[in-house]
Amino acid sequence: MLDHALAAAQCVRVVRDFDHYPGELDFMRGVRANAPQVVFLSIESMVKAMDLLALIERETPGLQVVAVSRTVDSALLLDVMRAGIREFLAPPFDSVAVSETLQRVVALAETKPINMGSTDQLYCFLPSKQGVGTSTVALNVALAISRQPESSSLLIDLDLSSGIIGFLLKLNNSHSVVEAAENAATLDESIWPQLVTRVENLDVMHSGRLNPDFRIESSQLRGMLDFARRHYKTICVDLSGNLERYSLEIMHEAKRIFMVVTPEIPSLHLAREKLGFLNRLEMAGKVTVLLNRSNKRNLVTPGQIEDLLGAPVAHALSNDYQGVHRALQAGRGVDTASELGRQFTHLAGQIQLKKPKQTEIDTKKRFVEYFSMFPGRYSVADKKTAV
Ligand SMILES: Nc1ncnc2c1ncn2[C@@H]1O[C@H](COP(=O)(O)OP(=O)(O)OP(=O)(O)O)[C@@H](O)[C@H]1O
Ligand SMILES: [Mg+2]
């Protein structure tokens, strides 16, 4: 009966219907999956209704509550008022009463937006050039984050042209980012677990079979991201270096962009080009440079790379072909006891720091002068890059 009245009012959509009082976990899953603005709460059992009310106040302040009851008596109404619920509806759900209630609820929802606990910890991994090791870094950093206490983390392979995460982990889930995008508008807590695979403590969504024609629309990306942000504390995204529209959109949303470079001139050249491009989109300030496959015999030193890029090299990750190869054969992360494994753990710890260390950009670019092939100078000038 209430559902008919709500449908007739035409200004609300019922996103989830419980035919019993759900437990805390079920209720919160439903709320996170569907992000409702209002809950119609039956007060048939006052005790159970009050438990849910307390949960709502604690976990999702701002979520509006309308009490619903088959019967109306003054004692019940008094209890509802005392509990702090301002709206009450009862059969026959008169259309005027329903619409007035909804108007008040909408007005309140606008002044006091719901706090759904959506994470801002979204990190993108961007290659300066193909094959510099970005997917390897993204995977191992995501695994290291997932090993931290009370972590809840997701890795999405958004390299739709040559995603490799599924292969690196030997995943055989037939579902991927493609299905997540196609179902973006209706994602819920029953569909999502089918789209991801648990690896250690990390949920992984691979990019699916080679499908060059597939494009993610903005609305699909938004639906996926909104859902993921309500469910995980940390989200890592592995990107292709092609700067597709969806890659740019997700980088705009990201808290930090990790640009992976190697100490080779072509990789550094493209890193500089990409930094310049991201600077024009006002995103250079959140780029952190990761130097992968670094070793002591490198011809180009981290200091020279900083000179060249105009941005600090936040972390150097060792060249460990054997370690990476062993991990690949076993379908898991790099050995955490190895030097490279420890560097990934350290990097994961730094990422999670509330206040990242600020590093001044050194604007002197002596080293850049050695490379006549670089057109002009790129400088992120007065911007600061955080580690
Ligand atoms: N730190 C490292 N030491 C040694 N080898 C590495 C390291 N990191 C990555 N590699 C190797 O580099 C190659 C490319 O790695 P990966 O696929 O992760 O790069 P990518 O930048 O994601 O490539 P793509 O541009 O295709 O997405 C792989 O053979 C991988 O094993
Ligand atoms: Mg890759």
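You'll find the structure just up there.
Residues numbered from 1 in each chain as written. Chains lettered and ligands numbered in written order. Predicted model: local features only at pLDDT ≥ 70, side-chain atom pairs only at ≥ 80, totals over all residues.

**Notes on the overall build of the chain**
If you tally the helices and strands in the chain, you get 15 helices and 13 strands. Over its C-alpha atoms, taken along the principal directions, the chain stretches across nearly 85 × 45 × 40 Å. Here the chain holds 387 residues, and 35% of them are scored as buried. Within the chain, contacts between residues at least 6 apart in sequence are counted, and of these 76% link residues at least 24 apart. (Helix = DSSP H or I, 4+ residues; strand = E, 2+ residues; numbered from the N terminus. Buried ≥ 20, exposed ≤ 12 C-beta atoms within 10 Å, placed from the backbone. Contact = placed C-beta atoms within 7 Å.)

**Comments concerning the sheet that holds strand 2 (residues 64–68)**
An order of 1-2-3 is seen for the 3 strands of this open sheet, with the pairing classed as parallel. Each of the sheet's edge strands pairs with one partner strand only, and the pair in question is strand 1 (38–42) and strand 3 (87–89). The mean angle between the axes of side-by-side strands here comes to 30 degrees, regardless of whether they run parallel or antiparallel. In the sheet, strand 1 pairs with strand 2 via 5 bridges, with the strands oriented parallel. What sits directly across from S42, in strand 2, is V68. Against the sheet, helix 5 (residues 95–111) contacts strand 1, strand 2 and strand 3, and its axis sits at roughly 155 degrees relative to strand 3. (Pairing = 2+ DSSP bridges. Axes fitted to C-alpha atoms, helices over the stretch in contact; angles between N-to-C directions.)

**Focus: the sheet that holds strand 8 (residues 234–238)**
In space, the 8 strands of this open sheet follow the order 6-7-5-8-4-9-10-11, with mixed pairing throughout. Of all the strands in the sheet, just strand 6 (197–199) and strand 11 (313–318) have a single pairing partner and so form its edges. Averaged over all pairs of adjacent strands, the angle between strand axes in this sheet comes to 25 degrees, irrespective of strand direction. Taken together, the 4 bridges between strand 10 (residues 287–294) and strand 11 define a ladder with parallel strand orientation. Across the sheet, the residue bridging to L291 is A316, located in strand 11.

**Concerning the packing of helix 1 (residues 2–9) against helix 5**
Where helix 1 contacts helix 5, the two axes come as close as 10 Å, and the packing angle between them is 70 degrees. On the basis of the axis angle, helix 1 is roughly perpendicular to helix 5. Classified by chirality, the crossing of helix 5 by helix 1 is right-handed. Contacts from A5, A8 and A9 in helix 1 reach S95, V98, S99 and L102 in helix 5. (Parallel < 35°, antiparallel > 145°, perpendicular 65-115°, else oblique. Left-handed = near helix turned anticlockwise from the far one by under 90°.)

**Here we look at the nonpolar core**
With 76 residues, the main nonpolar core has C124, F125, V141, L155, M259 and V289 as its most contacted residues. Sorting elements by how many residues they give to this core places helix 6 (residues 134–146) first, with 8 residues. (Core = buried A, V, L, I, M, F, W, Y, C linked by C-beta atoms within 7 Å.)

**Notes on unusual backbone geometry**
Following P91, the chain continues to P92 via a peptide bond in cis, the omega torsion being 10 degrees. Looking at where P92 falls in the secondary structure, it is placed in the loop between strand 3 and helix 5. Notably, F93 is not glycine yet its phi reads approximately 50 degrees, a positive angle. Note on F93: 18 C-beta atoms within 10 Å, which makes it partly exposed. At E282, a position not held by glycine, the phi torsion is positive, near 60 degrees. The topology assignment puts E282 in the loop between helix 12 (265–280) and strand 10.

**A few points about the site of ligand 1**
Ligand 1 sits among 21 residues. The nearest are Q130, G133, T134, S135 and T136. Among the secondary structure elements, those contributing two or more residues to the shell around ligand 1 are helix 6, strand 10 and helix 14 (321–330). Here the shell around ligand 1 takes 3 residues from helix 6, the largest share from any one element. Grouping the constituent residues of the shell around ligand 1 by class yields 7 nonpolar, 11 polar and 3 charged. (Near = placed C-beta within 6 Å. Nonpolar A, V, L, I, M, F, W, Y, C, P; charged D, E, K, R; others polar.)

**With respect to the pairing of strand 9 (residues 256–261)**
Of all the 6 residues making up strand 9, 5 are buried; the element is thus mostly covered by neighbouring parts of the structure. Where strand 4 (residues 122–127) lies against strand 9, 5 bridges are found, and the strand directions are parallel. In the sheet register, F125 faces strand 9, and the bridge partner there is F258. Taking the sense of rotation as the criterion, the β-α-β connection linking strand 9, helix 12 and strand 10 turns out right-handed. (Right-handed = clockwise from strand over helix to strand, strands pointing away.)

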